[in-house]
Amino acid sequence: MTDRYQQIDFIIDYVKPRSIVEIGTWNGDRALAMASAALKHQNHLQYWGFDLFEDGSAKTDEEELNVKQHYSLDAVTDKLRYFQNDNSGFSFDLIRGNTRETLANTDPNVTVCDLAFIDGGHSVETIDSDYQALNRCQTVLFDDYYVPDENGACPDVKKFGCNELVETMPHWVLPVSDGIVSGGLVQMVLTGKLAQEFIDKA
Ligand SMILES: C[S@@+](CC[C@H](N)C(=O)[O-])C[C@H]1O[C@@H](n2cnc3c(N)ncnc32)[C@H](O)[C@@H]1O
């Protein structure tokens, strides 16, 4: 049984990124999975991870449709450092705070990295804002493309998810969907150079 996150490994095998930015680092496990996949192809990987970390609250959970537990910046830093001890080609920076603010003043290298994974806040305003900061990255992968389930349930795509944004650009919806507890299905979407290649080949 595959889940949608396993598709990221295929994308990394194809893109062979030297730099990755993840919006929504959460507990850091995805950072390590993506770094392990990238380090099969490159001697060095730079990872930037953005999250509210301990600034997450009941209010931000509601605004961003977040159902996941909050992890502290220190706890995730320790986890990534531990991985770095065995993987000296791994460099990382973690940036705490709301990406509507933190991405505005970020290292310019973040904005042109090889692979951006946008999986932070789920409100359309935050996803739009994250994409505006990262739209020059070579490949941009979004989580949170919502489709109705067999009962017709689906999050309100006018308020949440990347559906309306990706309709404005060439995009490729990845095939694996997962159920959402509150109803509906979620898929990932590729945009950027790789999406265009897939579209041209289809
Ligand atoms: C779905 S989780 C990320 C999952 C992770 N990418 C993975 O693959 O395991 C979403 C994360 O985004 C963070 N988040 C939500 N809204 C945010 C915002 N406006 N700015 C920064 N981080 C945000 C939450 O704290 C949460 O850790």
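Thresholds applied
Residues numbered from 1 in each chain as written. Predicted model: local features only at pLDDT ≥ 70, side-chain atom pairs only at ≥ 80, totals over all residues. Heavy atoms only, no water. Helix = DSSP H or I, 4+ residues; strand = E, 2+ residues; numbered from the N terminus. Rg over C-alpha atoms; globule rule 2.2 N^0.38 Å. Buried < 20%, exposed > 50% of the residue type's maximum accessible area, 1.4 Å probe, protein only. Contact = heavy atoms within 4.5 Å. Areas by Shrake-Rupley, 256 points an atom, 1.4 Å probe, with all protein chains shown as cover. Lys, Arg positive; Asp, Glu negative; His and termini not counted. Charge placed at Lys NZ, Arg CZ, Asp CG, Glu CD. Salt bridge = Lys/Arg side-chain N within 4 Å of Asp/Glu carboxyl O.

(A) Expanded view of the overall build of the protein. Looking only at helices and strands, the protein features 8 helices and 8 strands. A compact globule built from 202 residues should have a C-alpha radius of gyration of about 17 Å, and the protein, at 16 Å, falls within 12% of that. Dimensions of the protein along its principal axes, counting C-alpha atoms only, are 50 × 45 × 35 Å. Taken across its 202 residues, the protein has 49% of its residues classed as buried. Taking the contacts inside the protein whose residues are at least 6 apart along the sequence as the reference set, 72% of them involve residues at least 24 apart. As presented, the protein carries roughly 10,200 Å² of accessible surface, and 49% of it is formed by carbon and sulfur atoms. Charged side chains in the protein number 16 positive and 33 negative. The centres of these two groups are separated by 4 Å.

(B) How the structure looks around the pattern of salt bridges. Applying the stated criterion to the full structure yields 7 salt bridges. Among the salt bridges present, the one from D29 reaches K79, with a minimum N-O distance of 2.6 Å. Pair noted here: D29 is in helix α2 (residues 29-38) and K79 is in helix α4 (residues 73-86), with a separation of 50 residues, a long-range link. Note on D29: relative accessible area 41%, which makes it partly exposed.

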